[in-house]
Structures are given as C-alpha cells and as structure tokens.
Amino acid sequence: MQIVIIGGGFAGINLVKELTNHKGIEVILVDKNNYNFFPPLIYQVATAFLEPSSISYPFRKFFSGKKNLQFRLGELQKVIPAENKIILNNGELNYDYLVFATGAETSYFGMENIKKNAIPMKTLNDAIEMRNTLLKNLEKAAICKDIHKRRVLLTIVVVGGGPTGVEVSGMFAEMRKTILLKEYPELDTSASNIYLVDGGDALLSPMSKESQKDTLEAVTNLGVVVKLNTKVIDYKDDTVFFANGETIQTKNLIWAAGVSAKEFEGIPTESYGRGKRMATDAFNKVNATENVYAIGDTCIQLNDADFPGGHPQVAQVAIQQGVNLAKNFKLMLENKPLNTFKYKDKGSMAIIGKNKAVVDLPKPKIHFKGIFAWMIWLFVHLMSLITYRNRINTLYHWMIAYFSKDQSLRMIIRPEKKTKGDI
C-alpha cells in the first residue's frame with residue numbers, strides 16, 4: 001500500500017508518525033517546505049522571543065532511519081484520480097491512497113489592498129517577514145524627527161480577536177513597557193499605540209464568556225486599545241479604513257482575521273464544502289472520490305453529531321484525525337471494519353502576557369485564568385513540539401525571557417533573493 005500525503009502540518013505529521021515502520025505500508029510525504037513547524041508559536045518568532053529553529057524541524061532529519069518513509073520537496077499542481085497520479089511542480093507520483101493535509105491559508109475576504117500590504121501570520125516565512133518589518137520600522141522611528149511620521153511607524157493594528165491576535169497584541173504591549181524603553185531611548189513610547197480589532201462582539205469568541213471577559217480586561221490593562229464590532233474594509237497609503245468611517249494611520253497592519261482552505265485541480269467541484277474545505281465522510285474519505293482522503297483544516301466533516309456544522313479548525317482536530325486515519329489504513333490491510341472519526345474536545349486556551357492566560361476545559365466545564373492558566377498553556381505547547389530538541393530550545397528561550405524580561409534575538413535577517421534554478 002503506497003500512501004501519498006500532501007502537507008506535513010499537525011494532521012500530516014501525526015499520520016506519518018502513526019504509520020512509521022508499519023509493514024506493508026509505504027509513505028511519501030510531499031510538502032513545499034522541507035521542515036515541519038509549530039503554528040501556535042510563530043507569533044513568538046515574529047516578535048523575536050524565539051528563533052525559527054525552536055519551533056521547526058527538517059522532515060528528512062525526522063524521517064532518518066525510518067525505512068517506510070520518504071520525503072519529497074514539491075508543490076501539488078494537479079490530481080489525476082483516474083490514473084491514481086499527482087503532478088507536482090517538479091515531477092509526478094503514483095499512489096494507492098492520497099491524503100490531503102494541506103491546512104489552510106490566510107483569507108483576506110477579497111480585499112486586494114490588504115492582501116498586498118498587510119502582514120499575515122500563518123507561516124514561518126510570515127513570522128520572519130513580520131519580525132524584519134517591525135524591527136526596520138523601529139529603526140526608522142528612532143531617527144525620525146517628525147512626531148506624526150514616528151507615530152505611524154510605531155502604531156500597530158492587529159486584526160482578528162482569536163488566540164493569535166490576542167497573543168501577538170499582548171506580546172507587543174509587554175515589549176513596549178520593557179524592551180522599547182531600554183533599547184530605543186530615542187523613542188517616546190507614548191507615540192506608540194496598539195490596537196486589537198475584531199468584527200465580532202467579543203475576543204476569543206469560541207471560548208467561554210469568562211475567558212472573553214478576562215481576556216478583554218487583561219489586554220486593556222496592558223494598554224491595548226480593543227475595538228470590537230469593527231470591520232476593516234481597506235488598507236492603503238498607510239491608512240486602515242473601517243466600515244464605520246474611522247481610520248487609523250499605521251505602517252504595521254497585522255492580519256490574523258481568517259483562513260481559507262485551498263482548491264486543487266482534479267478534485268471534483270462537488271467534493272468541496274464551506275470555505276473551500278473538502279467535504280468528507282465519517283472516515284475522512286473525500287466525497288465523490290474513491291481513494292482520496294482529507295484531514296485537518298482542509299476538510300469539513302458533517303457526520304459528527306456534536307459538531308453538525310463541522311469541526312473547528314484547531315490543532316487537536318488535525319492531530320486526532322491523523323491518528324484515526326492511520327489506524328484505518330492499518331485496518332484496511334487486515335480487511336477489518338474501519339473506525340469512524342469522533343472528535344474529543346480537550347479544551348481551548350490562549351496566552352495574553354506574562355503570567356496571564358485563559359483556559360477552558362470542557363468536561364467538566366472549568367475555567368482558569370492568571371498564572372495557573374499560564375503554566376498550563378506553557379506546558380501544553382511545550383509538550384506539543386515535535387522533538388525533544390525543540391522542547392529544550394524553546395524552554396531555554398522562555399526561561400531567559402521570563403527572568404530577564406528580554407531576549408537577544410532581535411536581528412534583521414534579509415535572505416538573499418531567489419536565484420534562477422531554485423526549486
């Protein structure tokens with residue numbers, strides 16, 4: 001049985017791990033990057049509190065010594081279901097079973113100026129680009145004599161009141177109180193404003209009312225200006241335009257407002273559901289296909305009675321679907337009945353700042369906040385990293401940041417431009 005997996009995020013890598021060294025199964029993982037990375041912590045790379053290698057790990061290093069695993073660097077161009085074949089940008093592959101674990105990409109809701117000018121927060125490349133942009137703007141502000149222009153350089157607008165938006169705005173607020181005063185004595189920090197904007201009526205809308213209330217209070221106390229029920233409609237000439245007619249001038253618009261799955265040539269139109277997510281049955285097989293599966297953010301499954309509108313696009317769903325599909329592939333080899341997927345909600349959490357976090361546990365319904373919730377968040381995220389090396393490296397940087405209220409990773413690194421002939 002040859003299984004080709006497209007995408008090595010939470011869903012793909014957990015599927016791979018469960019199939020490692022299993023007799024009768026050959027796995028080929030295809031990804032446009034040669035590394036796995038941990039999305040919940042990219043904002044810490046973006047704010048220079050973690051280095052990229054702390055939350056990423058090369059696939060080939062991970063696959064080393066595992067006889068039934070292969071890695072292929074490439075991007076999917078087309079699927080030919082009739083021939084059980086996929087076309088990549090650098091070749092072709094045949095499969096017995098094809099699994100999409102391609103995750104989701106940033107959605108700009110059709111607003112081209114925002115797509116062109118805002119800073120996304122989805123990939124490791126986004127995080128590095130954001131770090132470079134913010135550091136360069138700080139350096140420009142340090143030598144700027146015009147108070148209005150300086151304010152535009154220092155003002156940060158974060159769009160999206162989910163965990164990413166809350167976490168990154170809280171981090172910026174703490175940096176403003178400590179790092180900016182210490183390292184940029186030329187700057188008047190009163191000229192910097194941090195806005196957290198969301199179109200809904202609450203931050204962390206999927207979480208409990210207690211978490212929403214505690215989060216709003218915590219970020220406000222950090223000095224973040226929260227604007228709820230406020231929709232962004234455009235961003236041009238360094239100006240954010242809102243539906244209510246208000247505007248904010250800034251060089252730093254960080255977009256954490258929404259995601260969308262991707263469509264692929266060769267997958268039937270009727271296989272897609274809401275948000276371009278592939279609609280699947282209870283076993284994660286894509287509708288209107290024979291041997292194509294989808295797991296994680298790229299799929300929508302409407303068979304779970306507890307989630308009739310589809311599962312949330314969160315890491316735990318992706319991890320559990322990857323594990324369940326791996327078990328089913330093993331059962332297929334033995335001609336045994338397959339297991340339907342049933343999501344076990346383990347709760348949700350978000351960090352706001354130092355010693356500040358919120359945690360909701362579903363059964364029984366329990367809400368935590370403050371330092372205890374903060375410690376739970378740290379432990380869960382630390383243990384979720386793919387290798388011991390990542391865990392040790394991340395813990396080391398966290399300890400430095402906690403006791404020194406600082407980090408030494410604020411370097412502007414400009415990668416050389418892509419040369420002709422690159423993959």
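As the structure is a computational prediction, the values presented were derived from the model and not from experiment.

Asks: I would appreciate a short explanation of the pattern of salt bridges in the present structure.
Replies: In this structure the tally under the stated criterion is 9 salt bridges. A salt bridge links lysine 369 to aspartate 214; its shortest N-O distance comes to 3.7 Å. Taken together, the positions of lysine 369 in strand β25 (residues 366–369) and aspartate 214 in helix α9 (residues 209–221) put the pair 155 residues apart, joining distant regions of the chain. On the basis of relative accessibility, which here comes to 12%, the residue aspartate 214 falls in the buried class. Residues aspartate 238 and lysine 251 are paired through a salt bridge, measuring 3.0 Å at the closest nitrogen-oxygen approach. Pair noted here: aspartate 238 is in the loop between β15 (232–236) and β16 (239–242) and lysine 251 is in the loop between β17 (247–249) and β18 (252–255), with a separation of 13 residues, a long-range link. Given a relative accessible area of 37%, lysine 251 falls into the partly exposed group. Connected through shared salt-bridge partners, Glu83, Lys85 and Glu92 make up one network.

Asks: I'm lost on the sheet that holds β15 in this one. Help?
Replies: In any sheet, the strands associate via hydrogen bonds between backbone groups, in a parallel or an antiparallel arrangement. Overall, antiparallel pairing links the 3 strands, which are arranged β15-β16-β17 in an open sheet. Looking at which strands have only one partner, the edges of the open sheet turn out to be β15 and β17. On average, adjacent strands in this sheet sit at an angle of 15 degrees to one another, irrespective of strand direction.

Asks: Any chance you could explain a nonpolar patch on the surface here in plain terms?
Replies: Residues Ile371, Phe372 and Met375 make up a contiguous nonpolar surface patch of roughly 310 Å² in combined accessible area. Positionally, phenylalanine 372 belongs in helix α11 (residues 370–384). Classification of phenylalanine 372 as partly exposed rests on a relative accessible area of 44%.

Asks: What's the story with the pairing of strand β6 (residues 76–80) in this structure? I'm lost.
Replies: Where a strand is regular, its side chains alternate between the two sheet faces. As judged from the 4 bridges shared by β6 and strand β7 (residues 85–88), these two strands associate in the antiparallel manner. Considered in β7, the bridge of leucine 76 is made with leucine 88.

Asks: What exactly am I supposed to notice about the packing of aromatic side chains here?
Replies: What characterises a pair of aromatic rings is the spacing of the ring centres plus the angle enclosed by the ring planes. Summed over all chains, the structure comprises 13 aromatic pairs. Plain terms: the ring middles of phenylalanine 59 and phenylalanine 71 are 5.1 Å apart, the flat faces sit at 25 degrees to each other, and that makes the pair stacked. Taken as a pair, phenylalanine 59 in helix α3 (residues 59–63) and phenylalanine 71 in strand β5 (residues 69–73) lie far apart in primary sequence, 12 residues in all. Each member of the pair phenylalanine 59 and phenylalanine 71 is classed as buried. What links up through ring pairs into an aromatic cluster is the set Phe59, Phe62, Phe63 and Phe71. Looking at lysine 227, its charged tip hangs above the ring of phenylalanine 242, at a distance of 6.0 Å from the centre. The ring of tyrosine 388 has arginine 391 sitting right over it, with the charged end atom 4.9 Å from the ring centre.

Asks: Explain helix α7 (residues 163–177) here, please?
Replies: The periodicity of an α-helix, 3.6 residues per turn, causes residues three or four places apart in sequence to face the same way. Taking 1.5 Å of rise per residue, 15 residues should cover 21 Å, and α7 covers 22 Å from first to last C-alpha, within 8% of that figure. Of all 15 residues in α7, 12 are buried, a share of seventy percent or more. Among all positions in α7, only Gly165, Val166, Glu167, Val168, Ser169, Gly170, Met171, Phe172, Ala173, Glu174, Met175 and Arg176 are buried.

Asks: Could you clarify how one ought to interpret the sheet that holds strand β14 (residues 225–227) in this entry?
Replies: Pairing in this open sheet of 5 strands is parallel, and the strands run β11-β18-β12-β13-β14 from one edge to the other. Bordering the open sheet on either side are β11 (119–120) and β14, each of which pairs with just one other strand. Judged from the 2 bridges that link them, β11 and β18 form a sheet pairing that is parallel. Bridge pairing links proline 120 to tryptophan 255 in β18.

Asks: Looking at this model, I keep getting lost on the pairing of strand β24 (residues 356–361). Mind explaining?
Replies: When strand β23 (residues 348–353) meets β24, the two strands line up antiparallel, connected through 5 bridges. The residue bridging methionine 349 from the neighbouring strand is valine 359, located in β24. Counting the residues in the hairpin turn of β23 and β24 gives 2 residues, including asparagine 355, whose phi is positive at 65 degrees. Looking at chain direction, β24 and β25 are connected through 4 bridges and run antiparallel. Within the sheet, the bridge partner assigned to aspartate 360 lies in β25 and is histidine 367.

About the criteria used
- Residues numbered from 1 in each chain as written.
- Predicted model: local features only at pLDDT ≥ 70, side-chain atom pairs only at ≥ 80, totals over all residues.
- Heavy atoms only, no water.
- Salt bridge = Lys/Arg side-chain N within 4 Å of Asp/Glu carboxyl O.
- Helix = DSSP H or I, 4+ residues; strand = E, 2+ residues; numbered from the N terminus.
- Buried < 20%, exposed > 50% of the residue type's maximum accessible area, 1.4 Å probe, protein only.
- Pairing = 2+ DSSP bridges.
- Axes fitted to C-alpha atoms, helices over the stretch in contact; angles between N-to-C directions.
- Patch = residues over 30% accessible without salt bridge, like charges linked within 9 Å, V, L, I, M, F, W, Y side chains within 5 Å.
- Areas by Shrake-Rupley, 256 points an atom, 1.4 Å probe, with all protein chains shown as cover.
- Phe/Tyr/Trp six-rings, centres within 6.5 Å; stacked < 30°, edge-to-face > 60°.
- Lys NZ or Arg CZ within 6 Å of the ring centre and 35° of its normal.
- Expected span 1.5 Å × (residues − 1).

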